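Now for the letters of each chain:
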Amino acid sequence: MPTLATALLDALEDHGAREIFGIPGDFVLPFFKVIEESGTLPYFTLSHEPAVGFAADAASRYRGSIGVAVVTYGAGAFNLVNSIAGAYAERSPVVVIAGAPGARERTSGYLLHHQVRTVDTQLAVFKEVTCDQAVLTDPATAPAEIARVLRSALELSLPVYIEFPRDMVDAKVDPVPKLPRREADAGARDECAEEILARIAKAKSPVMVVDVEIRRYGVEQQVGALARKLGLPVVTTFMGRGLLEGDDDVVAGTYLGAAGDPDLSALVEGADLVLMFGVILSDTNFALSSNMTDPRRTVLATGREVQIGHHVYRDLPLADLISGLDAHADQHPPRPRNAGKGMAYPRGLAADASPIAPSDIATAINDLFDRHGKMPMTADIGDCLFTAMEIDNTALAAPGYYAGMGFGVPAGIGVAATGLRPLVLVGDGAFQMTGWELGNCKRYGLDPIVVLFNNCSWEMLRVFQPESKFNDLDDWHFADIAKSIGGVGERVTTRAELAAALQRAVERRGVFSLIEVMLPRGATSQTLARFVTGFKAARERMK
Ligand SMILES: Cc1ncc(Cc2csc(CCOP(=O)(O)OP(=O)(O)O)c2C)c(N)n1
Ligand SMILES: [Mg+2]
């Protein structure tokens, strides 16, 4: 019989995990020992638990499966809460495994170190940011508990919580079973598919809007093929930026409402049928839009439900709906292909002595991708994420909805741990939070390229409240520090220096490259400028 620790590790691998991120502590040391000595999954330790969560989140997004974050009880686990909250908001299935006191410690009569209000406060907190939980105190039920929680993570694409008391690591248990996927009712699926196809046949200008769930539920490729079969133009949401990377023949661009490309906004807002697949109806996706929730013209398939007009099909997973639509589409006359007018992305940066503006960074990266091929990207919150909208459509992991800072660099480390080489976009404020995690790249031989937007400012706050002096930050000269933490740093102030530094970085392998781009305070990307204008106009309308 396996031990509970080895059974859990085998189950994580069976359910799609390919690496573990974590920071040990005495309540999880015995489990960490098994992680290291079993070799079941590679593991990456980082410096601060928020980064552990961000890295596991990004790895899960790029793998299209579960990510794993292992932390100690109390101080470690509570440090992790914010990044798991972000994973919940962004529908990332991160499995949190938190150490905990053993049975005898719990009844020792002492207040335990790392304990808060009660020994179970940690479980209570994680119940708010995960969709399912298990506390492994009974060897007889632990395998079934783990199986249930891991299926929840995959089926709901949400984080889950496993509390692992340290006295249970060597308990003998049965292997963890893999529960069958819960299928949709075939009748409901077919009825729903036929109803949607009938609406498409009647529509004059339908459009498909896609968002993160088409990747989370592993149907990205099928959705691209379905759009092609149905002749529908596709746009991504702000959160869904980077989806359908290879489907340039159907993807018209990213819908940003009043902040976006006017032709693309017209394509969506003028549509008489909007098919929203895997879309999260968040303010960051639709705050600058109009009539995106009008039930008369929308179909919304999200979170295992499909809303058509004023009625809902429940427990109909996106994967089942897409396969149903694909199966029935052949019975409907194909529409004339309409891929929409694809967005033009800026290219051909003049590599001259001019100072750099944020949108120049997008142009320089588009030029780099044309020369060397696209790179998977991660981005933090700040103008760097708005600038990313001006970079050609490439895979992107960013907190587009939760909008929490600190994600970018640790997420890049998580993506690099999966074997890819990411390009990371981050502002100076966010880099101050978690950028130093780059110091962990050397021991794992990871070599992300980090483009740091240094405007010595919390610029995204300044654009909404320019009178506040607290948005001024000092210049930390980040590039100077790169060498001492195992990488290569370059500080650039002109467009020529930027283009050259990017070229050197892409040719440099085995160490991280940090390109510190000096930007004037007050300068923003064209996309952020449009977003602020649109946001202020929308706010005026609401007065
Ligand atoms: C964890 C967390 N704490 C505070 C905030 C609030 C915020 C949103 S944007 C921002 C400034 C970002 O500065 P940075 O230099 O990184 O980028 P840029 O604006 O382009 O100059 C702050 C402080 C958020 N979103 N998350
Ligand atoms: Mg800044």
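- The name given to the protein chain in an unreviewed UniProt entry is Phenylpyruvate decarboxylase, with Rhodopseudomonas pentothenatexigens as the source organism.
- The heading Sequence similarities (unreviewed entry) in the UniProt record of the protein chain holds the text "Belongs to the TPP enzyme family."

## Considerations on the pairing of strand 12 (residues 305-308)
Next, step 1: Only one face of strand 12 is covered, namely the face carrying Val306 and Ile308; the face carrying Glu305 and Gln307 is uncovered.
Next, step 2: Relative to strand 12, strand 11 (residues 298-302) runs antiparallel, the two sharing 4 bridges. Across the sheet, Leu300 pairs through a bridge with Gln307, a residue of strand 12.
Next, step 3: Where strand 11 hands over to strand 12, the hairpin turn is made up of 2 residues, of which Gly303 adopts a positive phi near 55 degrees.
Next, step 4: Pairing of strand 12 with strand 13 (residues 311-313), which is carried by 3 bridges, proceeds in the antiparallel orientation.

## Concerning the domain arrangement of the protein chain
Next, step 1: On domain assignment, one finds that the protein chain holds domain 1 (4-165), domain 2 (186-331) and domain 3 (358-530).
Next, step 2: Relative placement of domain 2 and domain 3: their C-alpha centres are 31 Å apart.
Next, step 3: The partner domain 3 presents 16 residues to the 18 residues of domain 2 that form the contact.
Next, step 4: Carbon and sulfur atoms make up 56% of the surface buried where domain 2 meets domain 3, a total of about 1400 Å² over both sides.
Next, step 5: Here domain 2 and domain 3 share 0 salt bridges between them.
Next, step 6: Our enumeration of links across domain 2 and domain 3 arrives at 7 residue pairs in polar contact (both at pLDDT 80 or more).

## Structural notes on the coordination of the magnesium ion (ligand 2)
Next, step 1: Protein coordination at the magnesium ion (ligand 2): the donors are Asp428 (OD), Asn455 (OD1) and Ser457 (O), at 2.1 Å from the metal.
Next, step 2: Spacing between the donor residues of the magnesium ion (ligand 2) along their common chain follows D-x26-N-x1-S. With Asp428 in helix 17 (residues 428-434) and Asn455 in the loop between strand 17 (449-454) and helix 19 (459-462), the pair connects residues that are 27 residues apart, well separated along the chain. The two residues Asp428 and Asn455 agree in class, both being buried.

## Focus: the UniProt feature "domain: Thiamine pyrophosphate enzyme N-terminal TPP-binding" (unreviewed entry) in the protein chain
Next, step 1: Mapped onto the present numbering, the UniProt feature "domain: Thiamine pyrophosphate enzyme N-terminal TPP-binding" (unreviewed entry) falls at residues 3-113.
Next, step 2: The distance from the first to the last C-alpha atom of residues 3-113 is 27 Å, and the span holds 50% helix and 17% strand.

## Focus on the site of ligand 1
Next, step 1: In the vicinity of ligand 1 there are 17 residues, among which Asp383, Asp428, Gly429, Ala430 and Met460 approach most closely.
Next, step 2: Note that an oxygen atom of ligand 1 is positioned 2.9 Å from one of the backbone N or O atoms of Ser457.
Next, step 3: Isolated, ligand 1 exposes 590 Å² of accessible area, and the fraction of that covered by the protein chains is 79%.
Next, step 4: At the level of elements, helix 17 and helix 19 are the ones that each hand at least two residues to the shell around ligand 1.
Next, step 5: For the shell around ligand 1, the leading source of residues is helix 17, giving 4 residues.
Next, step 6: Class assignment for the residues of the shell around ligand 1 results in 8 nonpolar, 6 polar and 3 charged.

## Quick word on the sheet that holds strand 15 (residues 396-397)
Next, step 1: An order of 15-14-16-17-19-18 is seen for the 6 strands of this open sheet, with the pairing classed as parallel. On the outer flanks of this sheet lie strand 15 and strand 18 (488-492), each paired with one strand and no other.
Next, step 2: Sheet analysis places strand 16 (residues 423-427) next to strand 17, joined by 5 bridges and oriented parallel. Considered in strand 17, the bridge of Val426 is made with Leu452.

## A closer look at the environment of Val424
Next, step 1: With respect to the helices, strands and loops of the structure, Val424 is situated in strand 16.
Next, step 2: On the accessibility criterion, Val424 (1% relative accessible area) is buried.
Next, step 3: Separated by 46 residues in sequence, Val424 and Thr378 place their C-alpha atoms 4.9 Å apart.
Next, step 4: The residues contacting Val424, other than those within four sequence positions of it, are Thr378, Gly408, Val409, Gly412, Pro448, Ile449, Val450 and Val451.

Rules behind the numbers
- Residues numbered from 1 in each chain as written.
- Chains lettered and ligands numbered in written order.
- Predicted model: local features only at pLDDT ≥ 70, side-chain atom pairs only at ≥ 80, totals over all residues.
- Heavy atoms only, no water.
- UniProt positions renumbered as here; feature names shortened; annotations may be inferred.
- Buried < 20%, exposed > 50% of the residue type's maximum accessible area, 1.4 Å probe, protein only.
- Helix = DSSP H or I, 4+ residues; strand = E, 2+ residues; numbered from the N terminus.
- Pairing = 2+ DSSP bridges.
- Domains from an automatic or database assignment.
- Contact = heavy atoms within 4.5 Å.
- Buried area = accessible area lost by both parts, 1.4 Å probe.
- Salt bridge = Lys/Arg side-chain N within 4 Å of Asp/Glu carboxyl O.
- Polar contact = N/O pair within 3.5 Å; in protein donor to acceptor, adjacent residues only side chain to side chain.
- Donors = N, O, S within 2.8 Å, 3.2 Å for Na, K, Ca; no water.
- Near = heavy atom within 4 Å.
- Areas by Shrake-Rupley, 256 points an atom, 1.4 Å probe, with all protein chains shown as cover.
- Nonpolar A, V, L, I, M, F, W, Y, C, P; charged D, E, K, R; others polar.

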